[in-house]
Amino acid sequence: MKLYEMTLKEVSEKIKNKEITSLELTESVLNRIKEVEGKVESFISVTEEYAINKAKEVDKKIEKGEKLSPLAGIPMAVKDNICTDGIKTTCASKMLENFIPPYDATVVKKLNKAGAVMVGKTNMDEFAMGSSTENSAFKNTKNPWDLTRVPGGSSGGSASAVAAGQAFYSLGSDTGGSVKQPASLTGLVGLRPTYGRISRYGLIAFGSSLDQIGIFTKDVTDCALVLKEIAGKDDMDGTSANIEVPDYTKYLDNNVKGIKIGIPKEYFGQGVDEDVKNAVLKSVELLKEMGAEVKEISLPHTDYAIATYYVIAPSEASSNLARFDGIRYGYRAKEYGSLEELYKKSRSEGFGDEVKRRIMIGTYALSAGYYDAYYKKALKVRTLIKNDFVNAFEDVDVIITPTAPNIAFKIGEKTSDPMAMYMEDICTVPSCLAGVPGMSIPCGFKNGLPIGMQIIGNHFDEATMLKVAYAFECATDFKNKRASL
């Protein structure tokens with residue numbers, strides 16, 4: 001097995017035991033990027049020199065006998081909407097094509113402190129708006145399992161990088177499922193934490209009440225290690241919660257006896273592929289055989305989730321993206337006759353079609369005469385959806401559903417039909433609106449392509465969610481399956 005094929009934990013042990021150096025590991029990954037990047041196109045920018053210098057720093061600390069984090073010296077990647085000091089952060093948009101942040105996002109700062117080695121910034125749907133990473137202004141990322149198919153979105157580059165062996169883990173952002181859905185399509189573990197568990201400081205905003213930074217890894221143990229390192233209260237983010245962060249690895253004990261699993265009937269109906277349903281239900285049966293208690297539940301307002309999300313998220317996007325006006329920073333039109341024309345041309349030339357579509361939807365929903373009818377009503381429905389989960393968690397410990405309604409679809413298959421693309425988030429959006437944590441783990445295959453199972457936990461109970469995921473992973477062989485490039 002080549003170094004880049006191993007898990008984060010495996011290579012961390014090798015570095016700790018001085019079997020390999022961080023520099024050797026980093027060079028292995030950088031060589032892998034050179035080998036396959038032309039095929040998968042995971043990255044907007046590769047930070048080779050930066051990564052080598054970071055690796056050398058870690059090796060010096062090891063030589064001195066310093067006690068280091070399990071993440072020290074391990075190559076990783078960061079979605080290109082998370083700010084990195086002195087390193088270009090584009091949001092995959094012409095609007096920010098040359099933007100270089102003067103500061104690090106809190107998660108990047110924490111990972112730097114832990115000795116992480118960033119090898120690059122990953123491709124994404126522009127401003128995180130999309131479900132396939134086809135909305136990037138720069139390139140189309142491919143799914144390593146089948147290069148004619150999408151890796152999901154909007155964090156498709158982050159997912160593809162890990163699935164292709166170009167990083168041991170990566171950070172993405174998740175507004176309505178943008179970590180969980182690409183994890184499902186690329187056969188990875190993808191975790192979105194409780195809203196407020198991980199700081200959003202330095203994440204370029206799409207929908208502020210929904211955005212969360214999430215994690216892609218090859219297995220559940222790696223996910224627990226990264227979450228422990230980056231979670232926690234941050235004074236720079238008023239929405240981050242002052243709740244203790246446990247050592248998640250202590251919950252990975254391969255025991256689900258007595259854990260109550262809820263199966264919501266609304267997630268197994270029309271619109272979800274039969275093979276996907278069957279793979280998830282078969283997985284639930286396995287957990288039942290291992291000692292978990294399974295019961296059918298109802299989340300009655302699920303049908304309203306997509307409509308609610310596509311009022312709230314575009315409304316917040318309309319507000320957040322108003323700052324990109326051609327005046328302060330970002331793209332500026334070259335020819336204009338007035339201030340109004342400067343605004344109009346800069347925004348129409350700088351933003352792509354999907355971003356403009358959502359800005360217009362959001363601006364309309366927030367406009368005088370429509371605010372109460374659309375945005376305010378959507379907020380009320382969001383509360384009903386949240387209450388569905390609150391009520392469900394009085395009876396169960398976790399909820400299990402499909403992550404995505406389908407396996408990875410062909411590149412270009414849904415680009416002409418925005419509604420078909422929006423429906424790809426049908427299984428992930430409700431829990432995002434409720435602010436509860438969710439994760440996807442591989443649970444099967446169809447036509448050689450991965451199927452993901454979504455495990456949803458109660459607020460700030462990522463530990464139980466990881467516990468169930470780990471037990472399932474130990475009882476199956478899915479974590480050992482890799483895309484062959």
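Note that the coordinates shown come from a computational prediction; the quantities given were computed from them, not determined experimentally. (Residues numbered from 1 in each chain as written. Predicted model: local features only at pLDDT ≥ 70, side-chain atom pairs only at ≥ 80, totals over all residues. Heavy atoms only, no water.)

K.L.:
Just to check I follow, could you spell out unusual backbone geometry for this structure?
P.N.:
Excluding glycine, most residues fall at negative phi; most peptide bonds, likewise, are trans. Between Gly153 and the following residue, Ser154, the backbone shows a cis peptide bond with an omega angle of 5 degrees. Locating Ser154 in the fold gives a position in the loop between strand 3 (117–122) and helix 5 (156–163). Of note in this structure, Phe127 is not a glycine but carries a positive phi near 50 degrees. Of note in this structure, Asn254 is not a glycine but carries a positive phi near 60 degrees. (Helix = DSSP H or I, 4+ residues; strand = E, 2+ residues; numbered from the N terminus.)

K.L.:
What exactly am I supposed to notice about the pairing of strand 7 (residues 260–264) here?
P.N.:
The side chains of a regular strand alternate, first on one face of the sheet and then on the other. The buried fraction of strand 7 amounts to four of the five residues, a majority that puts the element mostly inside the structure. Strand direction decides the pairing type here: strand 7 and strand 8 (residues 293–297), joined by five bridges, are parallel. Within strand 8, the residue paired with Gly262 across the bridge is Lys295. In this region the chain leaves strand 7, passes through helix 8 (residues 274–289) and returns to the parallel neighbour strand 8; the handedness of that crossover is right-handed. Here two bridges tie strand 7 to strand 9 (residues 398–402), and the two strands are oriented parallel to one another. Residue pairing across strands places Gly262 opposite Ile399, the latter belonging to strand 9. (Buried < 20%, exposed > 50% of the residue type's maximum accessible area, 1.4 Å probe, protein only. Pairing = 2+ DSSP bridges. Right-handed = clockwise from strand over helix to strand, strands pointing away.)

K.L.:
Looking at this structure, I do not really get the pattern of salt bridges. What am I missing?
P.N.:
Pairing between side chains becomes possible if they bear opposite charge and their charged atoms approach one another. Counted by the stated rule, this structure contains 19 salt bridges. Here Lys277 ties to Glu274 by a salt bridge, and the two come within 3.0 Å at their closest N and O atoms. A residue pair is termed a helical-turn pair when its members lie 3 or 4 positions apart in one helix, as Lys277 and Glu274 do in helix 8 at three residues. By relative accessible area, which is 11% here, Lys277 ends up buried. Glu274 sits in the partly exposed class, given a relative accessible area of 49%. The partner of Arg358 in a salt bridge is Glu354, with the nearest N and O atoms 2.7 Å apart. Here the residue Arg358 and the residue Glu354 both occupy positions in helix 11 (residues 353–366), the gap between them amounting to four residues, near one helical turn. For Glu354, a relative accessible area of 10% puts it in the buried group. Salt bridges here are not isolated pairs; linked through shared partners, they connect Asp273, Asp275 and Lys446. (Salt bridge = Lys/Arg side-chain N within 4 Å of Asp/Glu carboxyl O.)

K.L.:
Looking at this structure, I do not really get the side chain of Ser154. What am I missing?
P.N.:
Judged by its relative accessible area of 0%, Ser154 is buried. Among the polar contacts listed, one links the side chain of Ser154 to the backbone oxygen of Ala128, at a separation of 3.4 Å. Beyond its immediate sequence surroundings of up to four residues, Ser154 is in contact with Lys79, Asn123, Met124, Asp125, Ala128, Met129, Gly130, Thr133, Ser173 and Ser178. (Polar contact = N/O pair within 3.5 Å; in protein donor to acceptor, adjacent residues only side chain to side chain. Contact = heavy atoms within 4.5 Å.)

K.L.:
How do you make sense of the nonpolar core when you look at a structure like this?
P.N.:
Side chains that are nonpolar tend, in soluble globular proteins, to be buried together. By size, the foremost hydrophobic cluster in this structure holds 132 residues, and its most contacted members are Phe127, Tyr169, Phe389, Ile455 and Leu466. In contact with Leu466, not counting residues within four places along its chain, are Leu191, Val220, Cys223, Ala224, Leu227, Tyr248, Leu252 and Met439. Counting residues in each nonpolar core, the second largest holds seven residues, with Ala159, Val162, Val179 and Ala183 among its members. (Core = buried A, V, L, I, M, F, W, Y, C linked by side-chain atoms within 4.5 Å.)

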